[in-house]
Amino acid sequence: MIGNERAALADSLWTATAGASPLCPDLEGTAQADVAVIGGGYTGLSAALHLAERGIKAALLEAESPGWGASGRNGGQVNPGLKEPPAEIEARLGASGQALVRFAGSAPDLVFGLIARHGIDCAPHRPGALRVAQNARALDALKAQAHDWRRRGAPVEMLDAAGTARLLGTEAYVGGLLDRRGGNLHPLDYALGLAHAAQAAGARLYGDSRALAVERRGDGYSIRTARGSLRAGRVLLCTNGYTDGLWPGLAQSVVPVVSVQVATEPLPPGVAETILPEGHSPSDMRRLLLYFRRTPDGRFVMGGRGAWSDRGLRRAMQALRRASGALYPALRGVRWDFAWGGQVALTADRVPHLHRLDQGAMAALGYNGRGVALATAMGAQLAQWAAGDPEDALVVPVTPLQPVAFHRFHKLGVTLAGARYAALDRLGL
Ligand SMILES: Cc1cc2nc3c(=O)[nH]c(=O)nc-3n(C[C@H](O)[C@H](O)[C@H](O)COP(=O)(O)OP(=O)(O)OC[C@H]3O[C@@H](n4cnc5c(N)ncnc54)[C@H](O)[C@@H]3O)c2cc1C
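Residues numbered from 1 in each chain as written. Predicted model: local features only at pLDDT ≥ 70, side-chain atom pairs only at ≥ 80, totals over all residues. Heavy atoms only, no water.

**Student:** So what exactly am I meant to see when it comes to the site of the ligand here?
**Tutor:** By nearness alone, 37 residues border the ligand, and Thr 43, Glu 62, Ser 71, Gln 77 and Val 372 come closest of all. In this structure, an oxygen atom belonging to the ligand sits 3.2 Å away from a side-chain N or O atom of Asn 74. Separating a nitrogen atom of the ligand from a side-chain N or O atom of Asp 244 is a distance of 2.9 Å. Listing elements by their share of the shell around the ligand, those giving two or more residues are helix H2 (42-53), strand E13 (255-264), strand E17 (336-346) and helix H9 (371-386). When the residues that make up the shell around the ligand are grouped by side-chain class, the tally is 14 nonpolar, 18 polar and five charged. (Near = heavy atom within 4 Å. Polar contact = N/O pair within 3.5 Å; in protein donor to acceptor, adjacent residues only side chain to side chain. Helix = DSSP H or I, 4+ residues; strand = E, 2+ residues; numbered from the N terminus. Nonpolar A, V, L, I, M, F, W, Y, C, P; charged D, E, K, R; others polar.)

Structure follows, in structure tokens:
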């Protein structure tokens, strides 16, 4: 169970298997900090940690507990790069696109570096990120991506059908792209590890402390919670797919989408080793992509697009179980122990955003479902700015806040787009 969450999304394997959470009291009375961080996922925790390491007093307000949002529920894939291939981003965004591509390509180094430096116990494994093609058309797209990345010096290689089948343990895919920069981890343990590290470095973390209002006070800000208030010179908003109405216009700049996962019981000996034998965590090239992995305790986990209604969620989860059995017939009779999900944030241009909201306020969000590495890296960017570095010293361009068109109808839009994508996927287009 994940705290204050819809039952249909709350039955998380990661919550059931995570280590100890740090003690995070709720904010009572008045507190003061140099920087207030709102949201306790990877973005906020990374920002708080990087600030504290620079000797800056950071206080983080989390509505629930650290890692409660997508950071504690995701697939644990540490993916290099952005949603779109490098050439497309660079063609669209020019020099800032090139910087963004480099930034996203190196984000896994930051994640695995933090894990090593702080001794975070989150089952890190770095066999490379594996993207697999379900048909010849998808394979062509992967080949173009591999060419793109190789030209930029990235350690990527194409795998033929046999090589892909060897890493997957199924012959369902026709080829793959292995990017040595990526890997996987236990997502909630990684979030909790960042939280412990931030506290050890001197950051204060408050749980059960939703920020209800942010007001300008002199040359700083006052942030109100149910039982207290926090005064700070700068404010960082790190609420991604759970962004509420706290800052006008921020929620309208992204489209929240539900992603779900299902996990089996620990697989019997003899079965577990045949599936993803080297511990890769692939995702495929469908528009509504499937992503899957094994866990250190030998469970199989499958993820994909969710839905807004409980009925839609149940159907999505059942479809994932069926897809797992189709890929790996050995899974057909197994027990499915967990089913859960969470919200990611999509942006209209499919790249993450840094928005300067006010003189002393900045937000980072919109990882398009790839936030394990990106959110960690964006948190570091926020920290750099809040510590006093000028905006133009940041790698990620700071852009104006812009509403997504027809945002009011986003649930309908996502549902209709999902149906269209599913049809195109079925046709192999
Ligand atoms: C099912 C699923 C699978 C995914 N799989 C992958 C994957 O394998 N690889 C990958 O790279 N990415 C994956 N993602 C995406 C990734 O998890 C996210 O991009 C990333 O965790 C975002 O981190 P964040 O800190 O920005 O946001 P979150 O972790 O969502 O944290 C936001 C936090 O803000 C808090 N909050 C909101 N409003 C307030 C307020 N007013 N006051 C205080 N706190 C507030 C929320 O409680 C929440 O804890 C997945 C996501 C989901 C849901």
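**Student:** I'm lost on unusual backbone geometry in this one. Help?
**Tutor:** In this structure, Asp 208 takes a positive phi of about 50° despite not being glycine. As for its placement among the helices and strands, Asp 208 is situated in the loop between strand E9 (204-206) and strand E10 (213-217). Notably, Asn 240 is not glycine yet its phi reads approximately 35°, a positive angle. With respect to the element layout, Asn 240 can be found in the loop between strand E12 (228-237) and E13. What makes Asn 240 buried here is its relative accessible area of 14%. (Buried < 20%, exposed > 50% of the residue type's maximum accessible area, 1.4 Å probe, protein only.)

**Student:** Explanation requested: the pattern of salt bridges in the structure shown.
**Tutor:** Side chains that differ in sign of charge can pair as their charged atoms come close. A full pass over the atoms with the stated rule returns 21 salt bridges. Glu 90 is paired through a salt bridge with Arg 152; the nearest N and O atoms lie 2.7 Å apart. Separated by 62 residues along the polypeptide, Glu 90 in helix H3 (residues 86-93) and Arg 152 in the loop between helix H5 (136-151) and strand E6 (156-159) bring together distant segments of the chain. Overall, Arg 152 belongs to the partly exposed group, its relative accessible area being 27%. Here Asp 358 ties to Arg 216 by a salt bridge, and the two come within 2.9 Å at their closest N and O atoms. Remark: Arg 216 occurs in strand E10 and Asp 358 occurs in strand E18 (residues 353-358); sequence separation between them is 142 residues. Its relative accessible area of 24% is what places Asp 358 among the partly exposed residues. Through salt bridges with shared partners, a single network forms among Glu 265, Asp 297, Arg 299, Arg 335 and Asp 337. (Salt bridge = Lys/Arg side-chain N within 4 Å of Asp/Glu carboxyl O.)

**Student:** For this particular structure, what's the right way to read the pairing of strand E16 (residues 300-305)?
**Tutor:** Two faces make up the sheet, and in a regular strand the side chains alternate between them. Along E16, five of the six residues are buried, which leaves the element largely enclosed by surrounding structure. Inspection of the sheet shows E13 paired to E16 by five bridges, in the antiparallel sense. Of the residues in E16, the one forming a bridge with Ser 259 is Arg 305. Summarising the sheet, strand E15 (residues 291-294) and E16 pair through four bridges and their orientation is antiparallel. (Pairing = 2+ DSSP bridges.)

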